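For reference, the chains in residue letters:
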Amino acid sequence: KAGVTQTPRYLIKTRGQQVTLSCSPISGHRSVSWYQQTPGQGLQFLFEYFSETQRNKGNFPGRFSGRQFSNSRSEMNVSTLELGDSALYLCASSFGGGVGETQYFGPGTRLLVL
Amino acid sequence: ILNVEQSPQSLHVQEGDSTNFTCSFPSSNFYALHWYRWETAKSPEALFVMTLNGDEKKKGRISATLNTKEGYSYLYIKGSQPEDSATYLCAAPGAGAGSYQLTFGKGTKLSVIP
């Protein structure tokens, strides 16, 4: 079974631009979560989607948004990029997103904002 | 917002040593506790999902215990090997509407010296 894939793997943008990151979950998984990892902050939850519905959103500004498609693939978008958005963005998938379910992580997209 | 804490922040051990580290989480409204291993340049890899007080899980030389009444979990590595060098993360889901959201600790970075 193919794992979680994320594209692109690396991205360089400038302040004020916007960016879209993509995540393809494991086949059959319907829940996709997104996390941001910055040095010293650890993994911070952005949002979770299940069957095209956002069920939970973390404490991030409205510049961060996402969506999920009918095939469970998910995208996240960051508008008006700031230097502080430079981070590793990880997505994770699970069958239903339940509290006792393992989440399987992708390799991440490393975003650098100049 | 959950507070998940891990200690120590980092650890250096000699090859062959056994070691352990701690994850602390709120004991009220406990749902589950996840452990992940994150090696440099790889995706976080799920180790265990623990749900019951007194749970003990084992995977090779790695084992974990759970005490939900006092709000902690221990991860043990027996006979550490250089390939065990990684950051070990624990995470807990939130309550109610936030239950689809994993809150991660900042991790324990383990370095095993050959």
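Above this text you will find the structure in question.
Residues numbered from 1 in each chain as written. Chains lettered and ligands numbered in written order. Predicted model: local features only at pLDDT ≥ 70, side-chain atom pairs only at ≥ 80, totals over all residues. Heavy atoms only, no water.

*Asks:* Can you help me understand the sheet that holds strand E1 (residues 5–7) of chain A in this one?
*Replies:* What links the strands of a sheet is backbone hydrogen bonding, and the strands pair in either a parallel or an antiparallel sense. All names here are of chain A. If you walk across this open sheet you meet the four strands as E1-E3-E8-E7, and the pairing is antiparallel. Edge positions in the sheet fall to E1 and strand E7 (64–68), since each of these pairs with one other strand and no more. Here the average twist between neighbouring strands, direction ignored, is 20°. Here three bridges tie E1 to strand E3 (residues 19–24), and the two strands are oriented antiparallel to one another. Note that in E3 the partner of Thr7 across the bridge is Ser22. (Pairing = 2+ DSSP bridges. Helix = DSSP H or I, 4+ residues; strand = E, 2+ residues; numbered from the N terminus. Axes fitted to C-alpha atoms, helices over the stretch in contact; angles between N-to-C directions.)

*Asks:* So what exactly am I meant to see when it comes to the pattern of salt bridges here?
*Replies:* Close approach of charged atoms allows side chains with opposite charge to pair. This structure, assessed with the given rule, holds nine salt bridges over all chains. Between Arg63 of chain A and Glu82 of chain A there is a salt bridge; the shortest N-O distance is 3.6 Å. Here the residue Arg63 of chain A occupies a position in the loop between strand E6 (53–57) and E7, and Glu82 of chain A occupies one in the loop between strand E8 (74–78) and strand E9 (87–94), the gap between them amounting to 19 residues. Look at Arg63 of chain A and you get buried, because its relative accessible area is 16%. On the accessibility criterion, Glu82 of chain A (42% relative accessible area) is partly exposed. Where Glu45 of chain B meets Arg37 of chain B, a salt bridge forms, and the shortest distance between an N and an O atom there is 3.2 Å. Arg37 of chain B sits in the buried class, given a relative accessible area of 15%. (Salt bridge = Lys/Arg side-chain N within 4 Å of Asp/Glu carboxyl O. Buried < 20%, exposed > 50% of the residue type's maximum accessible area, 1.4 Å probe, protein only.)

*Asks:* I'm lost on the sheet that holds strand E6 (residues 56–59) of chain B in this one. Help?
*Replies:* Residue and element names in this part refer to chain B. On the basis of which strands lie adjacent, the open sheet formed by five strands has the order E1-E3-E8-E7-E6 and antiparallel pairing. The strands lining the two open edges of the sheet, one partner per strand, are strand E1 (5–7) and E6. Pairwise comparison of adjacent strand axes, ignoring direction, gives a mean angle of 15° for this sheet. Looking at chain direction, strand E7 (residues 62–67) and strand E8 (residues 72–77) are connected through six bridges and run antiparallel. Following the sheet pairing, Leu66 is matched in E8 by Ser73.

*Asks:* Help me understand the state of the cysteines in this model?
*Replies:* Two cysteines form a disulfide when their sulfur atoms are joined by a covalent bond. If you walk through the whole model with that rule in mind, you get two disulfides over all chains. Each disulfide pairs two cysteine sulfurs, and for Cys23 of chain A the partner residue is Cys91 of chain A, the sulfurs being separated by 1.9 Å. Negative torsions about the S-S bond denote left-handed disulfides, and the value of about 75° found for Cys23 of chain A with Cys91 of chain A makes this one right-handed. Here Cys23 of chain A is found in strand E3, whereas its partner Cys91 of chain A is found in strand E9, with 68 residues between them in sequence. Note on Cys23 of chain A: relative accessible area 0%, which makes it buried. At a sulfur-sulfur separation of 2.0 Å, the disulfide partner of Cys23 of chain B is Cys90 of chain B. (Disulfide = S-S within 2.5 Å.)

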